[in-house]
Amino acid sequence: MKVSKLAAALMVTASVAMVPVSEAAKPLTLQDIMKFESLTKPVISDNGLTLAVEAKPDRGDSRVIVKLLSSQKHFDIQDAARPKVSADGRFVAMVKTVPLLKRATADAKQKKKLKAGLILLDTQTGEQKVFKKVKSFEFNEAGSHLLVRLDGFSKSKNKDEAEKDKKAESKGEDKKQPKVDKFDKGYTVKLLALQKGTDTEFKNVTSYQFDKAGKGLVLAINNVKDKQHKLERIDLASNQAKSLFNSDTLQLGSVATSNDGKWAAFTAGKAEDLPYGREYQLNLVSLEDGNITSFASTNDWKLNRYSKLSFSKDSSRLFFGRVPEVSQQLKLAKIKTANDLYNINIIDDERKLRVWNGEDPLIKPNEIKQYKNELKRTYLAVLDLGKQAITQLADPKVKNVQMSEQPTRLLAKTDKPYQKMITWAGFYSDYYLVDIGSGKQTKVLTQYPTYWQPSLSPEGNYLAYYYLGNIYLYDVANKTKTNVSKGLKVGFANEDHDYPSNPPGYGFGPWIDGEKAVLVYDKYDVWRLDIANGKMTKLTNGRKQGVQFRVTGLPKSDVPTWLKSDEKVLLKGYNDRTKSDDFYRLNLAGGTEQLSAEPVKLKVLARSKDAKTLVYSKERYDLFPDLFAAKDYLNPQQAEQQTDLNKQIEPFNWGSSELVQWTNSDGKPLDGVLIKPANYQDGKRVPVLVYYYRFMSDRLHSFPDMKINHRPNFAWFVDNGYAVFLPDIRFEVGYPGPSSVKALTSGVQHLIDIGVADPKAIGIQGHSWAGYQTAYAVTQTNIFAAAVSGAPVSNMTSAYSGIRHASGLARQFQYETGQSRIGKPLYADPLKYIENSPVFYADRIHTPMMIMFGDKDGAVPWEQGVEMYLAMRRAGKDVVMLQYQNEPHHLKQYPNKLDYSIKMMQYFDHYLKGKPAPKWLSQGEPYYEYKKN
């Protein structure tokens with residue numbers, strides 16, 4: 001590996017200014033956390049000149065920061081969120097938010113009237129335009145225009161007409177106005193010509209699309225009451241509207257326009273039909289001569305209201321969805337006459353029944369959750385514009401064809417043969433290659449884990465995929481599958497996989513020189529797979545250094561992209577020894593150069609589409625992840641800082657993090673993170689809070705999440721004199737509970753041995769999977785003085801055959817192949833389920849425990865908390881349970897999040913610091929009801 005002089009200097013001298021410990025520092029309060037701003041994902045203009053990002057407090061009103069990277073010019077827009085930037089960077093559009101105070105003080109009726117707006121900033125002049133009641137907004141590809149959709153539906157009548165109708169209605173006169181289904185109602189849009197500063201309003205718009213060339217806008221306009229249905233194209237240069245289609249009987253559906261400006265397409269169906277059962281027809285419009293070609297439905301394939309249209313980027317094909325049939329929604333019979341009271345069929349229609357058949361592909365709760373998605377499902381077809389021929393690509397057998405820009409064939413998958421297996425074995429699919437010209441489906445992978453994503457070459461002639469530790473290449477023309485990693489001394493399976501299932505691979509990078517090669521990842525290194533000879537060549541030397549390399553910083557694209565074989569690319573390298581990230585430059589022709597060397601975590605956040613500008617953040621426990629922008633993405637070390645939210649931590653004694661390493665009782669080395677208070681003195685024992693899940697040591701350089709939620713706020717606990725310990729947990733299949741206890745107890749004992757932890761003041765908190773581990777741990781060890789367990793599974797025997805209510809999935813697969821790691825069904829090894837269930841050992845617990853659940857938890861049935869509470873209560877143990885009403889797996893309502901955070905701190909303060917118990921803990925709270933406002 002070649003190391004530049006700059007990198008060498010960085011490795012010797014690099015450091016980020018530590019936050020000084022101030023004796024006069026103010027205490028960190030909950031109010032400080034509420035107001036603490038975090039940055040959302042930034043957006044950057046296509047030309048790389050303008051950066052916008054939302055600064056969002058945990059509670060309060062957001063603002064948008066806009067920076068012009070070519071100058072010192074910047075803007076700070078209050079009460080703003082979710083910015084979008086025009087391609088040329090001149091304009092930034094953002095949501096104008098409703099201030100929190102208004103929302104908090106409004107009653108239910110007033111809240112319905114509180115609508116978000118739009119702020120449009122001209123970065124050249126500084127002018128801000130404000131639009132009220134805006135639903136959404138979108139720049140066109142060229143950045144010359146902004147389409148603003150106003151909130152609500154268009155009103156087809158003016159005030160005078162509405163008043164006449166009102167008077168007629170009061171006199172009992174029949175206006176005979178047709179009832180319009182919500183699906184058919186149109187909205188009002190404003191088209192803003194940004195350079196000219198003008199806007200044009202269009203009413204009753206139901207669908208629209210800009211072309212990606214930035215030349216035109218196509219609108220579907222439907223006014224059902226006035227029987228006016230039309231397709232219009234707006235020439236963006238002249239702002240002239242051209243009518244492409246008019247009808248008084250056909251409701252227009254989806255629309256699309258090609259990038260070359262030659263075609264528009266739309267669907268249309270009888271307006272008199274209800275949208276649910278309306279059959280649509282595909283229409284292609286030549287924008288050169290106005291001719292319309294209609295494509296009739298066949299007996300097998302029809303279009304419905306969910307059929308969406310999309311032209312390929314080269315404008316040679318039109319993709320759209322079809323369905324085997326379109327029918328009206330089923331209705332149940334109703335009792336209307338005296339005879340109906342005794343009509344068995346009508347009475348039976350009123351039953352409330354769901355039949356669970358053992359051969360159902362999906363269990364009923366999952367089928368119900370999937371119902372709306374399946375209702376909207378269409379099967380991809382393609383129209384060849386040159387041949388004017390339609391090819392059906394997807395069907396009920398092969399449901400999901402991945403629409404992309406390969407010219408010959410597309411990748412498709414279906415889970416239909418394995419839907420029943422989802423219950424216990426997880427998710428599998430058969431993968432197909434579908435010929436775009438003929439629609440022929442060729443199965444290439446059978447019962448392939450859905451999350452092992454293959455990589456289809458840019459021309460569609462090769463498929464690279466991972467299978468059971470090896471890399472394979474499928475040659476479409478020769479129909480051959482070759483194990484190209486056979487004989488290599490390194491494996492490509494995930495080396496940290498500790499589940500009772502086949503380990504996944506590490507994935508693929510970009511293709512090179514079209515289809516000549518593709519990049520492949522193992523745990524550490526980047527490999528080049530040459531297609532012609534199947535040779536695998538290692539391009540980096542990460543395994544020896546303990547650095548995991550990955551290509552990063554490439555611009556996002558809607559077409560298959562590939563790199564040149566002599567191109568230089570940016571790598572991010574994660575050092576699994578120091579837990580820090582560095583930037584490297586890889587020459588695909590050979591050679592790696594290190595560009596940075598700081599003890600930080602790096603996150604690449606944005607890359608300009610048409611320029612080399614790169615935006616990233618760097619962070620550490622005591623360094624806020626501010627944004628940096630580099631003009632050349634291959635030289636990120638030359639980036640300039642663009643935000644300064646790190647100043648938020650200056651008033652506080654923030655503390656610092658360090659890596660700790662120890663060996664568990666099995667002799668296995670483990671890592672963890674220890675966060676110490678800012679004024680910590682070596683040798684001084686302090687109370688310790690243990691927080692964990694699985695692997696945590698990679699958070700060594702992570703800035704703490706400054707939010708109030710279901711987790712302890714690290715900075716708050718550290719400021720209150722606690723050390724926070726984040727240990728790694730490595731699991732053994734069949735023994736998730738015991739292996740967790742080994743890691744936890746050995747890690748805590750290490751902190752005691754080195755003189756940091758007060759052995760009588762160690763607390764533990766975990767949520768969900770870590771909530772289970774916490775509940776189990778206190779049945780096996782007395783090392784903890786107090787435990788807080790959020791949403792734990794307490795009884796694996798009852799949880800095994802339960803339901804994840806949010807998805808409707810059965811929980812069995814979690815235990816047989818997933819996170820719970822038992823590896824067998826309950827009937828095959830019931831003792832394993834019992835041995836790993838804390839509820840069966842409640843009598844052994846000597847640690848006070850607080851259980852927290854939301855009673856609408858969609859991941860873990862909240863009755864699992866009840867089981868643990870009742871078991872401990874029956875055994876006479878110290879237990880309290882917090883039931884937050886109408887809350888899911890993670891608390892959403894801010895008052896509940898705040899209350900839980902307060903109670904967590906009070907709980908640990910009592911048991912670890914000896915502070916008096918709060919009343920809710922010592923005496924409980926009786927049930928009572930409040931008067932409704």
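Residues numbered from 1 in each chain as written. Predicted model: local features only at pLDDT ≥ 70, side-chain atom pairs only at ≥ 80, totals over all residues. Heavy atoms only, no water.

An order of β22-β23-β24-β25 is seen for the four strands of this open sheet, with the pairing classed as antiparallel. Both edges of this open sheet fall to β22 (309-311) and β25 (389-392), since each of them pairs with a single strand only. With direction set aside, neighbouring strand axes in the sheet form an average angle of 25°. (Pairing = 2+ DSSP bridges. Helix = DSSP H or I, 4+ residues; strand = E, 2+ residues; numbered from the N terminus. Axes fitted to C-alpha atoms, helices over the stretch in contact; angles between N-to-C directions.)

A word on the nonpolar core. Counting residues in each nonpolar core, the largest one holds 112 residues, and the members touching the most others are W654, V690, F784, M850, Y900 and F908. With residues up to four places along the chain from it excluded, the contact list for M850 reads A787, V788, S789, V880, L882, Y900, K903, M904, Y907 and W920. Residues L445, Y472, Y474 and F508 belong to the second largest nonpolar core, which totals 29 residues. (Core = buried A, V, L, I, M, F, W, Y, C linked by side-chain atoms within 4.5 Å. Buried < 20%, exposed > 50% of the residue type's maximum accessible area, 1.4 Å probe, protein only. Contact = heavy atoms within 4.5 Å.)

Here strand β5 (residues 63-68) lies mainly inside the structure; six of its six residues are buried. Here β5 shows two buried faces, one formed by R63, I65 and K67 and the other by V64, V66 and L68. From the end of strand β4 (residues 50-57) to the start of β5, which pair antiparallel, there are five residues, and G60 there has a positive phi angle of about 135°. As paired elements, β5 and strand β6 (residues 74-78) share five bridges and run antiparallel to each other. Within β6, the position partnered with K67 by the bridge is H74. From the end of β5 to the start of β6, which pair antiparallel, there are five residues.

This brings us to the pattern of salt bridges. The tally for this structure, following the rule as stated, stands at 37 salt bridges. Across the salt bridge formed by D498 and R821, the nearest N and O atoms sit 2.9 Å from each other. Of this pair, D498 sits in the loop between β33 (480-483) and β34 (508-512) while R821 is found in the loop between α14 (812-816) and α15 (830-835), placing the two residues 323 residues apart along the sequence. Neither D498 nor R821 differs from the other in exposure class; each is buried. One salt bridge connects K832 with D829, and the closest N-O pair in it is separated by 3.6 Å. Given a relative accessible area of 16%, K832 falls into the buried group. Residue classification places D829 among the buried positions, given a relative accessible area of 14%. Ionic contacts of the salt-bridge type, sharing partners, join the residues E37, R63 and D76 into one network. (Salt bridge = Lys/Arg side-chain N within 4 Å of Asp/Glu carboxyl O.)

In this model helix α11 (residues 736-753) runs 26 Å from its N-terminal to its C-terminal C-alpha over 18 residues, within 8% of the 26 Å that 1.5 Å per residue would give. In terms of residue burial, α11 counts as a mostly covered element, since 13 of its 18 residues are buried. Looking one or two residues beyond α11, the residue adopting positive phi is G755, at roughly 85°. (Expected span 1.5 Å × (residues − 1).)

Helix length check: helix α16 (residues 863-874) (12 residues) gives 16 Å between terminal C-alpha atoms against 16 Å at 1.5 Å per residue, within 8%. Among the residues of α16, Q864, G865, M868, A871 and M872 are the ones counted as buried. For α16, the angular spread of buried residues about the axis comes to 130°, placing them on one side. When the buried face of α16 is taken as reference, the exposed residues oriented beyond 90 degrees from it are R873 and R874. Considering only its buried residues, α16 is in contact with α13 (796-799), β55 (849-854) and β56 (879-884). G876, located one to two residues past α16, shows a positive phi value of around 75°. (Arc of directions from axis to C-beta.)

Next up on the list: the sheet that holds β33. With antiparallel pairing, four strands are arranged side by side in an open sheet as β30-β31-β32-β33. The sheet is open, and its two edges are formed by β30 (455-456) and β33, each paired on a single side. Pairing of β30 with strand β31 (residues 462-467) involves two bridges; the strand directions are antiparallel. What sits directly across from L456, in β31, is L463.

Right, let's get into a nonpolar patch on the surface. There is a patch of nonpolar side chains on the surface, built from I335, L341, Y342 and I347 and spanning about 420 Å² of accessible area. Of the residues examined, I347 reaches a relative accessible area of 38% and is grouped as partly exposed. (Patch = residues over 30% accessible without salt bridge, like charges linked within 9 Å, V, L, I, M, F, W, Y side chains within 5 Å. Areas by Shrake-Rupley, 256 points an atom, 1.4 Å probe, with all protein chains shown as cover.)

Applying the stated criterion across every chain yields a total of 36 aromatic pairs. Relative to Y448, the ring of Y431 lies with its centre 5.5 Å away and its plane at 85°, an arrangement referred to as edge-to-face. Residue Y431 is located in strand β28 (residues 428-435), and its partner Y448 is located in strand β29 (residues 441-449); the two are separated by 17 residues in the primary sequence. Of the two residues, Y431 and Y448, neither departs from the other in class, the shared state being buried. Members of the aromatic cluster, each reached through a chain of ring pairs, are Y431, Y448, Y451, W452, Y465, Y466, Y467 and Y472. Between K618 and the ring centre of F628, over which it is positioned, the NZ or CZ distance is 4.7 Å. (Phe/Tyr/Trp six-rings, centres within 6.5 Å; stacked < 30°, edge-to-face > 60°. Lys NZ or Arg CZ within 6 Å of the ring centre and 35° of its normal.)

A word on the confidence of the model for the chain. A residue-level look at the chain finds 95% of positions with pLDDT of 70 or above and a mean pLDDT of 93. Segment residues 1-20 is flagged for pLDDT under 50; beyond a separation of four residues in sequence, or across chains, it makes 36 contacts in the model. (pLDDT = per-residue confidence, 0-100.)

What follows is about the environment of V64. Looking at the element boundaries, V64 is found in strand β5. As a C-alpha pair, V64 and I729 span 665 residues in sequence and 39 Å in three-dimensional space. In contact with V64, not counting residues within four places along its chain, are V53, E54, F75, D76, I77, A80, A81, P83 and M94.

Following the sequence through the fold, Y521 ends up in strand β35 (residues 517-521). A C-alpha to C-alpha distance of 9.5 Å links Y521 and K538, two positions 17 residues apart in sequence. The contact partners of Y521, leaving out residues within four places of it in the chain, are F492, Y506, G507, F508, G509, P510, V526, F549, R550 and V551. Of the polar contacts made by the side chain of Y521, one reaches the backbone nitrogen of V551; its length is 3.3 Å. (Polar contact = N/O pair within 3.5 Å; in protein donor to acceptor, adjacent residues only side chain to side chain.)

Despite not being glycine, Q388 has its phi angle at roughly 55°, a positive value. Considering the arrangement of structural elements, one finds Q388 in the loop between β24 (379-384) and β25.

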